[in-house]
Amino acid sequence: MVRDIFEIRGQDAAGRLGTLSVPRAGRTVETPALLPVVNPHLQTVSPRRLADEFGAEILITNSYILHGSDDLREEVRERGLHDLLDFPGAIMTDSGSFQLAEYGEIDVTSEEILAFQREIGSDIGTPVDIPTPPDVDRERAEEELRTTQERLERAEGFDAGEMLLSAPIQGSTQPDLRTEAARHAYGTDLDVFPVGAVVPLMNAYRFDDVVEVVAGAKRGLGADAPVHLFGAGHPMLFALAVACGCDLFDSAAYALYARDDRYLTVRGTRHVEELEEFPCACPVCSEHTPRSLRERSNRDRERLLAEHNLHVSFAEIRRIKAAIRSGSLLELVETRARAHPTMLDGYRALLEHAEWLEASDPASKDAFFYVSGESARRPEVRRHHARLSRLSLPDRLLLVAEEVPTRTEGVDEVWGLHPPLGPVPPDLAETYPCNAELPTRLDASAYEAAAEGVVALAAAHPETEMRVVHDGWPASARSRLPERVECVRAEPTDSSATGAERGQ
Ligand SMILES: [Zn+2]
């Protein structure tokens, strides 16, 4: 089946810049996109302002709340959702699955709520799925997944008109079930793919499990599937989630946190009570101080904090788009990973999927900045090692660390030896990623990755005689080299030295 509503315009790692066509709204939404959650009863920031002042192209509201509201049910039927909320962009609606997970039951069927969503003019509707929490036993995860899958199949038969339909992907914390769920969902003719029930993982700071769940789902989806990380509203998580291949986020956090005097940043959450200064340049933080905000009425303070929270969230989405354009998304993720040890776990979990990241990662970017030990595990390094096995080699090859004077008699070719990539033929030295920029004080991971490159080259060319002249590699890197590769350390003496002596 051809899905032509989602177009990918740029990629970095597994992250995408794209456009989602929403026919019923007559709109095209740029992704990655943030969908502010609007509570129809309690609009902390009005949808009109979300569009005009914050640039929101799409929002999400809950059709189950509208359906259950004696004040609003008939009004929204008469006026339609766009008029009721006064929002010019696209509107996605949730179905009550969250309430089902929270309270154990809801009083509508999936069909009834889909019909209601269509009736009120939703642009992207959602069937009622079963959000299975993390860590449940296999039997329960499978049984609930079967129910979700039946609902998706019935939603396929529903006459949605121009309204797009989402196909939530469940499967608890079992990545293979997430893959199976995703494959099934992708096989339906539904349009948007939310990865569901990850909020408990995010609330518990289990970012590595979030990555595993998303990676599991992505494995079962085609590249043309727009992926929504349901309930991921904290900006500290956006870069990591985009690098995993998520395109849509919804934020209730901006308003919920503001209600508790909490201030969002890309490095985490602060309480207004503990702040002396606002580390932000948004209009709210430019015009107020934490002290002046504390003196405002509760209602004013909540609104102003919600505005700051939105500014910081939309700014992060823009920063991520710029990073994808310039090929520096993983460098942004590395920076974010430094904010909390569990974020670092998330990033490391992502790097364990290097093979999958590599499939979508562009072969050439502006620059590779080596900024931490994790950089040594980026998909570019893995791709370079795979490429080495395809190069043709002479009988006798010398691999020499940069700026190391050495004798070259008796060898057929001299290649560079660049951490974290390892062997680099001269004609690739100035190309990406061999032109990686490194700190002078390098960590062991970079040398170890370079040694893995030599291992890959030696394994692919058993007939080639190989000698390595390094500039002080740590034992953890040297010990990785196969025995048949001669390894010497360059003499760390004056620049007139030309000999290389046998090292440790
Ligand atoms: Zn601010």
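These numbers were taken from a predicted model, which means no experiment stands behind them.

Draft legend 1. Structural context of the sheet that holds strand β3 (residues 27-31). One open sheet holds the three strands; their spatial order is β1-β2-β3, and the pairing between them is antiparallel. The sheet is open, and its two borders are formed by β1 (6-12) and β3, each paired with just one other strand. The sheet shows a mean angle of 15° between the axes of neighbouring strands, taken without regard to direction. By the bridge criterion, five bridges tie strand β2 (residues 15-22) to β3 in an arrangement that is antiparallel.

Draft legend 2. Region of interest: the domain arrangement of the protein chain. Once the domains are mapped, the protein chain shows domain 1 (6-351) and domain 2 (368-501). Placing the centre of domain 1 and that of domain 2 at their C-alpha centroids yields a distance of 44 Å. When residues of the side of domain 1 that touches domain 2 are traced back to their parent elements, those giving at least two are α16 (329-337) and α17 (341-351). When grouped by side-chain class, the residues that make up the side of domain 1 that touches domain 2 number four nonpolar, no polar and three charged.

Draft legend 3. Inspection of the environment of L442 at higher detail. Assignment of secondary structure puts L442 in the loop between β16 (422-424) and α20 (444-460). Each C-alpha atom, one on L442 and one on S372, is 8.9 Å from the other, the two residues being 70 residues apart in sequence. Sequence-distant contacts of L442, that is, excluding residues within four places in its chain, are made with P419 and Y447.

Draft legend 4. Structural context of the confidence of the model for the protein chain. Scored by pLDDT, the protein chain has a mean of 94; 97% of the residues are at 70 or more. Across residues 495-504, confidence stays below pLDDT 50; counting only partners more than four residues off in sequence or on other chains, it has 21 contacts.

Draft legend 5. Representation of the environment of L357 in the model. Topologically, L357 is positioned in helix α18 (residues 354-360). C-alpha of L357 to C-alpha of P379: the two residues are 22 residues apart in sequence and 6.3 Å apart in space.

Draft legend 6. The arrangement of the packing of α16 against α17 in detail. In the contact formed by α16 and α17, the axes pass within 8 Å of each other and the chain directions differ by 150°. Between α16 and α17, the interaxial angle falls into the category roughly antiparallel. Touching V333, E334, R336 and A337 of α16 are M343, L344, G346 and Y347, all from α17. Of the residues contributing to the contact of α16 with α17, the split by class is five nonpolar, one polar and two charged.

Draft legend 7. Broad picture of the packing of helix α11 (residues 235-243) against helix α15 (residues 298-326). For the pair α11 and α15, the least separation of the axes is 9 Å and the interaxial angle reads 25°. Here α11 is positioned roughly parallel relative to α15, judged by the angle of their axes. Both α11 and α15 take part in a crossing whose hand is right-handed. Counted together, P235, F238, A239 and V242 of α11 and V312, S313, E316, I317 and I320 of α15 form the full contact between these two elements.

Draft legend 8. A look at the nonpolar core. Ranked by internal contacts, the top residues of the largest apolar core, which has 115 residues, are V198, V214, L240, A241, A243, C244 and L329. Per-element accounting of this core gives the leading share, 10 residues, to α15. With 32 residues, the next largest nonpolar core counts L421, V424, V454 and A477 among its residues.

Draft legend 9. Region of the structure containing the environment of F193. In this fold, F193 is placed in strand β9 (residues 193-195). Expressed as a C-alpha distance, the spacing of F193 and L229, which sit 36 residues apart in the sequence, is 8.5 Å.

Draft legend 10. View of the pairing of strand β13 (residues 268-271). The pairing of strand β12 (residues 262-265) with β13 spans four bridges and is classified as antiparallel. Looking at the pairing, R262 lines up with H271 of β13. Two successive antiparallel strands, β12 and β13, enclose a turn made up of two residues.

Conventions used here
- Residues numbered from 1 in each chain as written.
- Predicted model: local features only at pLDDT ≥ 70, side-chain atom pairs only at ≥ 80, totals over all residues.
- Pairing = 2+ DSSP bridges.
- Helix = DSSP H or I, 4+ residues; strand = E, 2+ residues; numbered from the N terminus.
- Axes fitted to C-alpha atoms, helices over the stretch in contact; angles between N-to-C directions.
- Domains from an automatic or database assignment.
- Nonpolar A, V, L, I, M, F, W, Y, C, P; charged D, E, K, R; others polar.
- Contact = placed C-beta atoms within 7 Å.
- pLDDT = per-residue confidence, 0-100.
- Parallel < 35°, antiparallel > 145°, perpendicular 65-115°, else oblique.
- Left-handed = near helix turned anticlockwise from the far one by under 90°.
- Core = buried A, V, L, I, M, F, W, Y, C linked by C-beta atoms within 7 Å.
- Buried ≥ 20, exposed ≤ 12 C-beta atoms within 10 Å, placed from the backbone.

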